[in-house]
Each structure stands twice: as structure tokens, then as C-alpha cells.
Amino acid sequence: MVKFGCKTTQPFVNFLIYFSHLSSILRNFWAVYSMHAVGCPFNIASLRRMLTLMTPLSRLIQTLLQHIRRFYQKLFGIKQAKPSRRPTASPPLRVPVRPMATPESVHIPESIPTPESTMADPSTSAPDPTPPTPESYLNSGNALLKDGNLAEAIALFQQAIELDPQSLQAHNALGRAFLQNGQLVEAIACFHQAIELKPKHFRAYYDLGRAFLKQGQLDRAVENFRKAADLKPDNFRHHFDLGDVLLKQGDLEAAVDAFQRTIELNPDFVQAFSSLGRARMQNQQFEEAIAPLTRATELNPSAPAAYESLGRAYLRIHRTDEAIAAFQQAIH
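Notes on the structure follow. Every value quoted in this text rests on a predicted model; they were computed, and no experiment measured them. (Residues numbered from 1 in each chain as written. Predicted model: local features only at pLDDT ≥ 70, side-chain atom pairs only at ≥ 80, totals over all residues. Heavy atoms only, no water.)

1. With respect to the packing of aromatic side chains
- Counted according to the given criterion, the structure contains four aromatic pairs.
- Ring geometry for phenylalanine 236 against phenylalanine 269: centres 5.1 Å apart, planes inclined by 65°, an arrangement best described as edge-to-face. Highlighted residues: phenylalanine 236 in helix α11 (residues 236-249) and phenylalanine 269 in the loop between α12 (252-265) and α13 (270-282), separated in sequence by 33 residues.
- Of the residues examined, phenylalanine 236 reaches a relative accessible area of 23% and is grouped as partly exposed.
- Taking 5.1 Å as the distance between ring centres and 80° as the angle between the ring planes, the aromatic pair formed by phenylalanine 240 and phenylalanine 269 counts as edge-to-face. Here phenylalanine 240, found in helix α11, pairs with phenylalanine 269, found in the loop between α12 and α13; they are 29 residues apart in sequence, far enough to count as distant.
- Overall, the relative accessible area of 12% leaves phenylalanine 269 in the buried class.
- Ring pairs connect the aromatic residues Phe236, Phe240, Phe259 and Phe269, which therefore count as one cluster.
- Looking at lysine 227, its charged tip hangs above the ring of tyrosine 205, at a distance of 5.9 Å from the centre. (Phe/Tyr/Trp six-rings, centres within 6.5 Å; stacked < 30°, edge-to-face > 60°. Helix = DSSP H or I, 4+ residues; strand = E, 2+ residues; numbered from the N terminus. Buried < 20%, exposed > 50% of the residue type's maximum accessible area, 1.4 Å probe, protein only. Lys NZ or Arg CZ within 6 Å of the ring centre and 35° of its normal.)

Here it is as C-alpha cells:
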């Protein structure tokens, strides 16, 4: 029959005490694990907490097992068997065992690197591309204008003006693009804007004269060509285009002067010799027309118009043989 006394029930009481401690530790451990299971971040604090709970938990379990064994032995009167002494030839080797690491001795870094943190940030690894400038838009637009891509060139020139509204080159380039595209009103507005930015900009006056010429406003074309020639007197195109408009207006003497000035600046410009010869013929100066027309045929032997004008000039002064020869060259 089992008897219960103080000595018998004391291990059982110790068992209950340690079991209560064990339950508390397990609840704390389960709370940390549950937080991670439902998606809470498993940070350094929770890891330290779990490591702190593991060491006393293992010690408490060992102590609890010892009290259970003692309680069982007291309850049923089982005596612990004494270990038998076995002769040994030599003492056993003692292998030093390192003590178990405790949470205080474990070094935990403040931050754990992740694959995302080790990857290079694209915003810092590669420099940002250089933002476009008015000059870059202007250069690209000029290249497109040269290739005949008028719509794209116009768009780039407009973007250059948005970045720099005071850009004289951008306004004038946009006007030239509009002029080539047949948008004369827009072109004239751009050239006027360029002149407002720089009143002595000869290229804007010259382009404005071309726009008025296409509109049929000869007087305004002459005005702007004269202004361009005054601002840039060494440009033969200014004088030639001025003379061409004056010839259309019938101002023959002024046209002759403009063509002669063109030839002085560019002695090999065949169109200036042809135009000078035609101006002389319209002014009934047939003898004076022969020299520039002859020079035009020498500079461009394959130009039938110059030979035809030369033949008519010879015919007017009754030099029939030379006229026939010139007409034959025009036919061939």
C-alpha cells in the first residue's frame, strides 16, 4: 500500500512548480513563433527573445525530469541501483567540452543583409542621362532640315524655343523650316521675332525677304534684301536676290548694279552673268549684253538658256552668223 507523507509529496510539489514555470516559458516561446507565422517581421528583437528563452527552457526540462524520476521512486519505493565498479586498465580520456553558448555570448548583427539590400541601386549605380539643351535640339533640327524632314525639324526647333525663348538661332531656324514647308505666315512671324531679338541680324532680314518674295510682295522683299545687303555687304547672295527682284520690278539700272556687285564678289557665279545679260537686253543694251552672256556659256557650256539669250542678242545687232551658231548650241 502506498503511503503519502511530507517526504513523498515534496517532489510532487516541486514538479508542479517547475511545470508552471515550463508552461510560462512555452507560452512566451509560442507567442514569438506565432507572431512570425502570421506575417510579422522576424526582427532582431524577436530572435534575441527566443534565444533568451531557449537556455532556461532546456535547464528547466532537465530539472523537471529529475524531480519526476525522484517522485516516481519515492511513490513506489524503488531504490536507485548503484553503479557496479568495473576495473579499468587505465583512466578514460577526458575530452574537453566547450561550454554551451548563451544568448549573452552570441553576437547578433544589428541588421541582416538581404538580397535586395546587396543589389546595386540603379538610381545610384548609373548616372542620369544628360538632359537635352536648346543647342542639342537646334543641331538635330538643322540636320533634319537639311535632309528634308520638315515636320520633325519644326518640332525640334519649337522645343528649343520652349527651353530658351530668347534663342535667336532657334527662331530663325524655325522660320526657315516654315518657309520650306510653304507656311509663309508662320515663317514671317518667326523672322520678325528674330529681328526683335537682334535688330541687326542680316540672316533674318534675308530670309524675311525670301518669304515676302514668295508671297508676291516685291516691295517688301526689296526692302529686306537691301537691309541684308547693307548689314552683310560681302555676301553675294544678298546682292543677287536683290537684283533678281529689281529685274522683276523693271528697275533695270538698279538690277544691273546689283548683278555687277554679285560678279565682283563671286566671279564664277554663272547665274549672275546670265541675269546681267538679260537685264542689259531688257534695257535695250544688246552690245553690252553679249559679254556677260558669252561668259555664262563659258562657265556652263551645257546651259541652253544662256546660248538662246546670246543668239537673240546677236540677232538684234544683225550679227546673223554668230546668232545662228548660238542657237545651234542651244539646240544641242
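From this point, things continue past the structure.
2. Description of the packing of α13 against helix α15 (residues 304-316)
- In contact at an axis separation of 11 Å, α13 and α15 are set at 30° when each is read in the N-to-C sense. One element, α13, and the other, α15, form an angle in the roughly parallel class. When the axes of α13 and α15 are compared, the crossing they make is left-handed. For the pair formed by α13 and α15, the contact residues are Ser274, Arg278 and Met281 on the first element and Ala306, Ser309, Arg312 and Ala313 on the second.
- Tallied by class, the residues present in the contact of α13 with α15 amount to three nonpolar, two polar and two charged. (Axes fitted to C-alpha atoms, helices over the stretch in contact; angles between N-to-C directions. Parallel < 35°, antiparallel > 145°, perpendicular 65-115°, else oblique. Left-handed = near helix turned anticlockwise from the far one by under 90°. Contact = heavy atoms within 4.5 Å. Nonpolar A, V, L, I, M, F, W, Y, C, P; charged D, E, K, R; others polar.)

3. Some points on the packing of helix α9 (residues 202-215) against helix α10 (residues 218-231)
- Two elements in contact, α9 and α10, have axes separated by 8 Å at closest approach and are oriented at 160°. Accordingly, the angle class assigned to the pair α9 and α10 is roughly antiparallel. Our pair here, α9 against α10, has a crossing hand that is left-handed. In contact with Phe202, Tyr205, Tyr206, Leu208, Gly209, Arg210, Phe212 and Leu213 of α9, α10 contributes Leu218, Arg220, Ala221, Asn224, Phe225, Lys227, Ala228 and Leu231.
- Looking at the contact of α9 with α10, its residues break down into eleven nonpolar, two polar and three charged.

4. Points about helix α6 (residues 150-163)
- Taking 1.5 Å per residue, 14 residues should reach 20 Å; α6 reaches 20 Å between its end C-alpha atoms and fits that length.
- Its buried side turned inward, α6 meets α5 (134-147) and α7 (168-180). (Expected span 1.5 Å × (residues − 1).)

5. Description of α13
- In a regular helix each residue adds 1.5 Å, so 13 residues correspond to 18 Å; α13 covers 19 Å between its end C-alpha atoms and thus fits that length.
- Residues of α13 that are buried in the fold lie against α11, α12, α14 (286-299) and α15.
- Where α13 ends, the next residue or the one after it, glutamine 284, has phi of about 65°, a positive value.

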